[in-house]
Amino acid sequence: MKLLAIVPAFNEEGAVADVIAEIRRAEPDADVLVVDDGSHDATAEVAHAAGARVARLPFNLGIGGAVQTGFRVAWDEGYDVAVQVDGDGQHPAEAIPRLVAAIEEGQADYVVGSRFVEDTGYQAPRPRRMGMVILSALVSRIVGHPMTDTTSGFRAAGRRAIEVFAAHYPHDYPEVEATVIAARGGLRVLEVPVEMRPRTAGRSSINAVQSAYYMVKVILAVGVQCLGRRYRPEERPA
Amino acid sequence: MTRIVLVGVITSIAFVAAIVLLIRARRLQERFAILWIVTAVGVVVLGLWTDALDLLARAVGIAYPPSALFLLVSVFVVLVLLHTAIVLSRLSDQNQTLAQRVATLDERLRRLEGADAEEEPNGAALRRAPQTADLARRRLRLARGSRK
């Protein structure tokens, strides 16, 4: 099985080397592709020195455009599974084998590493928690079974999901919308519990005003997805 | 011909001239220019044929004919804005695809060149380099020539 770890990174020179090393430790056979989303610092050089493949975007596309770059590589080069790990170090690489296993065993096409399925010790501030509940209800309805953590960016995609996302992936704040695209395209979506950590370097890219904008934008985007066409993969289920 | 009609006609002719100049300078593509030429001609017609506005207002049921003009202009402006938003969306999509393509091709090129440098005996990559550069220059010249 060919596994590609996609690491979107924007100004993460302080954390990206550790992330690459952890992925290596968890999945020694995986290829690591760092997508440098137009960083102003030495992210690309640090990642290259750490032994990762580095795709340098000529300017900042946002997380969606960066992750999709990885899916395009995964599709073109015939990877069976692509796992998406943030370059800031908050995703626990040691959980990658569990996400990948769910796809390998044929349980799902798209796996979300979730902070809430079991008690994983994650506590979000109250307004954000409310937003998460609303999104969870919305996504659960569309997917057809309960989805507790809709905003986690720690995910694994099988061949069929890679196919869909290489062609259609949301632009900014892509997590919720990507799940909806997958479910509407007939892909099987699954949640797997993982324990996340605080960031090792850099800061969260979302503040209070952006959180409100986030909710409005994401709900609108989900609405638009539900009105639009479905993107079904041509690849047969494994 | 009243003074106001004269002013209107002169203004709209200046508008047409400006558009023709922009097209000549390649600052405006023909497919966008068509819209603006039609607009300019419409303005000239409305300026010369003063009864047109009254006829239009009566047909649609507008009591005060000049309002018909404002309505016409607002509808037109909204349509033009919508058109530019559509064009802009498509361009930004294409721009993103190109950026991703550049990033993945660049990664592949660096990887292949890196592998060459490591595997080959000393100097082999260097000896081949001028040839490659030469080819690149020739392609560039061809590309430039075809644009003229």
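What comes next concerns the included structure. (Residues numbered from 1 in each chain as written. Chains lettered and ligands numbered in written order. Predicted model: local features only at pLDDT ≥ 70, side-chain atom pairs only at ≥ 80, totals over all residues.)

1. Considering the overall build of chain B
Then comes step 1: Each helix and strand in chain B was counted, giving 5 helices and 0 strands.
Then comes step 2: Along its sequence from the N terminus, chain B presents helices and strands in the succession α-α-α-α-α.
Then comes step 3: The buried share of chain B, taken over its 148 residues, is 6%.
Then comes step 4: Looking at chain B alone, contacts between residues at least 24 apart form 39% of all its contacts between residues at least 6 apart. (Helix = DSSP H or I, 4+ residues; strand = E, 2+ residues; numbered from the N terminus. Buried ≥ 20, exposed ≤ 12 C-beta atoms within 10 Å, placed from the backbone. Contact = placed C-beta atoms within 7 Å.)

2. Some remarks on the overall build of chain A
Then comes step 1: The number of helices and strands found in chain A is 8 helices and 7 strands.
Then comes step 2: Against the compact-globule benchmark of 18 Å for 238 residues, chain A has a radius of gyration of 16 Å, which places it among compact chains.
Then comes step 3: Principal axes of the C-alpha set define a box for chain A whose edges measure 45 × 45 × 35 Å.
Then comes step 4: Looking at chain A as a whole, 50% of its 238 residues are labelled buried. (Rg over C-alpha atoms; globule rule 2.2 N^0.38 Å.)

3. Things to note about the packing of helix α3 (residues 63-76) of chain A against helix α6 (residues 159-167) of chain A
All names here are of chain A.
Then comes step 1: The geometry of α3 relative to α6 is characterised by a closest axis approach of 8 Å and an angle of 125° between their N-to-C directions. When the axes of α3 and α6 are compared, the pair comes out oblique. For the pair α3 and α6, the sense of crossing is left-handed. Each of Q68, F71, R72, A74 and W75 in α3 lies in contact with α6, whose residues at this interface are I162, E163, F165 and A166.
Then comes step 2: Looking at the contact of α3 with α6 residue by residue, the classes come out as 6 nonpolar, 1 polar and 2 charged. (Axes fitted to C-alpha atoms, helices over the stretch in contact; angles between N-to-C directions. Parallel < 35°, antiparallel > 145°, perpendicular 65-115°, else oblique. Left-handed = near helix turned anticlockwise from the far one by under 90°. Nonpolar A, V, L, I, M, F, W, Y, C, P; charged D, E, K, R; others polar.)

4. Points about the packing of helix α5 (residues 126-143) of chain A against helix α7 (residues 174-184) of chain A
All names here are of chain A.
Then comes step 1: Orientation of α5 relative to α7, taken along the N-to-C sense of each, is 15°, at an axis distance of 9 Å. Our classification of the angle between α5 and α7 gives roughly parallel. When you trace α5 past α7, the crossing you get is left-handed. Contacts between α5 and α7 pair L135, V139, I142 and V143 from the former with V176, T179, V180 and A183 from the latter.
Then comes step 2: A breakdown of the residues in the contact of α5 with α7 according to their chemical character gives 7 nonpolar, 1 polar and no charged.

5. Observations regarding the environment of S39(A)
Residue and element names in this part refer to chain A.
Then comes step 1: If you trace the backbone, S39 turns up in the loop between β2 (31-36) and α2 (43-49).
Then comes step 2: For S39, a count of 22 C-beta atoms within 10 Å translates into the label buried.
Then comes step 3: It is 8.7 Å that separates the C-alpha atoms of S39 and R56, two residues lying 17 residues apart in sequence.
Then comes step 4: The residues contacting S39, other than those within four sequence positions of it, are A9, F10, N11 and A44.

6. Notes on the sheet that holds strand β6 (residues 155-158) of chain A
Residue and element names in this part refer to chain A.
Then comes step 1: Taken in spatial order, the 7 strands of this open sheet run β3-β2-β1-β4-β6-β5-β7, and their pairing is mixed. The sheet terminates laterally at β3 (53-56) and β7 (189-193), the two strands that pair on one side only. Each adjacent strand pair in this sheet contributes to an overall mean axis angle of 20°, direction not counted.
Then comes step 2: In terms of strand pairing, strand β5 (residues 110-114) meets β7 through 5 bridges, oriented parallel. Bridge pairing in β7 links V112 to E191.
Then comes step 3: Against the sheet, helix α4 (residues 96-104) makes contact with β1 (3-9), β4 (81-84), β5, β6 and β7, and its axis sits at roughly 145° relative to β4, the strand it touches most. (Pairing = 2+ DSSP bridges.)

7. Some words on the pairing of β3(A)
All names here are of chain A.
Then comes step 1: Both faces of β3 are covered, namely the face carrying R53 and A55 and the face carrying V54 and R56.
Then comes step 2: Sheet analysis places β2 next to β3, joined by 4 bridges and oriented parallel. Looking at β3, one finds that D36 is bridged to R56.
Then comes step 3: Each parallel crossover has a hand, and the one from β2 via α2 to β3 is right-handed. (Right-handed = clockwise from strand over helix to strand, strands pointing away.)

8. A short note on the pairing of β2(A)
Then comes step 1: In terms of burial, β2(A) is a largely internal element, 5 of the 6 residues being buried.
Then comes step 2: Of the crossover connections in this fold, the one passing from β1(A) over helix α1 (residues 16-26) of chain A to the parallel β2(A) is right-handed.

9. What to know about unusual backbone geometry
All names here are of chain A.
Then comes step 1: In this structure, N11 takes a positive phi of about 50° despite not being glycine.
Then comes step 2: Taking the number of C-beta atoms within 10 Å as the measure of exposure, N11 has 21 and is therefore buried.
Then comes step 3: Positive phi outside glycine occurs at Y173, with the angle close to 50°.
Then comes step 4: Mapped onto the secondary structure, Y173 falls in the loop between α6 and α7.

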